Amino acid sequence: AQSVTQLGSHVSVSEGALVLLRCNYSSSVPPYLFWYVQYPNQGLQLLLKYTSAATLVKGINGFEAEFKKSETSFHLTKPSAHMSDAAEYFCAVSDSGGGADGLTFGKGTHLIIQP
Amino acid sequence: DGGITQSPKYLFRKEGQNVTLSCEQNLNHDAMYWYRQDPGQGLRLIYYSQIVNDFQKGDIAEGYSVSREKKESFPLTVTSAQKNPTAFYLCASSIWRGANQPQHFGDGTRLSIL
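Description of the structure in this document.

## Section: the environment of A:Asn24
Residues and elements named next belong to chain A. Positionally, Asn24 belongs in strand S3 (residues 19–26). A sequence separation of 16 residues divides Asn24 from Gly8, and the C-alpha atoms of the two residues are 12 Å apart. A polar side-chain atom of Asn24 sits 3.2 Å from the main-chain carbonyl oxygen of Glu71. Reaching out from Asn24, the side chain makes a polar contact with the backbone oxygen of Thr72 at a distance of 3.2 Å.

## Description of the interface of chain A and chain B
On the side of chain B, 23 residues touch chain A, which itself brings 23 residues to the contact. A combined buried area of about 1700 Å² lies between chain A and chain B, and 53% of that area is made up of carbon and sulfur atoms. Taken together, the connections running from chain A to chain B amount to 0 salt bridges. Of all the secondary structure elements, the ones that give two or more residues to the side of chain A that touches chain B are strand S4 (31–38), strand S5 (44–50) and strand S9 (87–95) of chain A. Ranked by residue count, the leading element in the side of chain A that touches chain B is S4(A), at 4 residues.

## Focus on the nonpolar core
If you look at the biggest cluster of nonpolar residues, it comprises 26 residues, and the most contacted ones within it are A:Trp35, A:Phe74, A:Leu76 and A:Tyr89. Leave out the neighbours within four places in its chain, and A:Leu76 touches A:Val19, A:Leu20, A:Leu21, A:Trp35, A:Leu47, A:Leu48, A:Phe63, A:Glu64, A:Ala65 and A:Tyr89. Among the nonpolar cores identified, the runner-up in size contains 20 residues, and B:Ile4, B:Tyr47, B:Val78 and B:Tyr89 belong to it.

Parameters at a glance
Residues numbered from 1 in each chain as written. Chains lettered and ligands numbered in written order. Predicted model: local features only at pLDDT ≥ 70, side-chain atom pairs only at ≥ 80, totals over all residues. Heavy atoms only, no water. Helix = DSSP H or I, 4+ residues; strand = E, 2+ residues; numbered from the N terminus. Polar contact = N/O pair within 3.5 Å; in protein donor to acceptor, adjacent residues only side chain to side chain. Contact = heavy atoms within 4.5 Å. Buried area = accessible area lost by both parts, 1.4 Å probe. Salt bridge = Lys/Arg side-chain N within 4 Å of Asp/Glu carboxyl O. Core = buried A, V, L, I, M, F, W, Y, C linked by side-chain atoms within 4.5 Å. Buried < 20%, exposed > 50% of the residue type's maximum accessible area, 1.4 Å probe, protein only.

In structure tokens:
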């Protein structure tokens, strides 16, 4: 069985500061990993995905994430936060063995940007 | 533009009533999914379908039913057996049910009890 843990249900940073959202996964086979962003009353939008081609993945809106197998982590970062980054962020894992039924999501992290 | 359309955006259910949430996609995707989102709970899979006329239960299928008569459409019925239906429902699709394919999401339907 696979699972995702997102540390911190709420993260607050100042505008212009580094954004770090943590995601740890558990999977019995090499995983595929995804970060999604959700704005209020909207669906999820894909930020980036890891599919084993490169451990450092760049996504949209200046976000990137690094896959660290030894730490079973896939943390999301952005060098400089912008007010428009305020949203809910979800990490998700898919079983590369093909047995997954959809994606397994973390519980989400609400990112708050302080002016 | 291609995408996923969910309707209605807001829906209210009376006691003992079945309600149906619509999901239509024009992305030519094979796989479609329904998730339920509750505050602080992330997304939980209700049902998914890989091909027309076939679908599988997810983690929380009890009290829900689906059909997949057309590739483009995957409606979800919330039955009276679902005792706690108030939630945000999200439909998604992917090019095929391959593990490395991202899912594309609609804008959701918010269901509340009257």
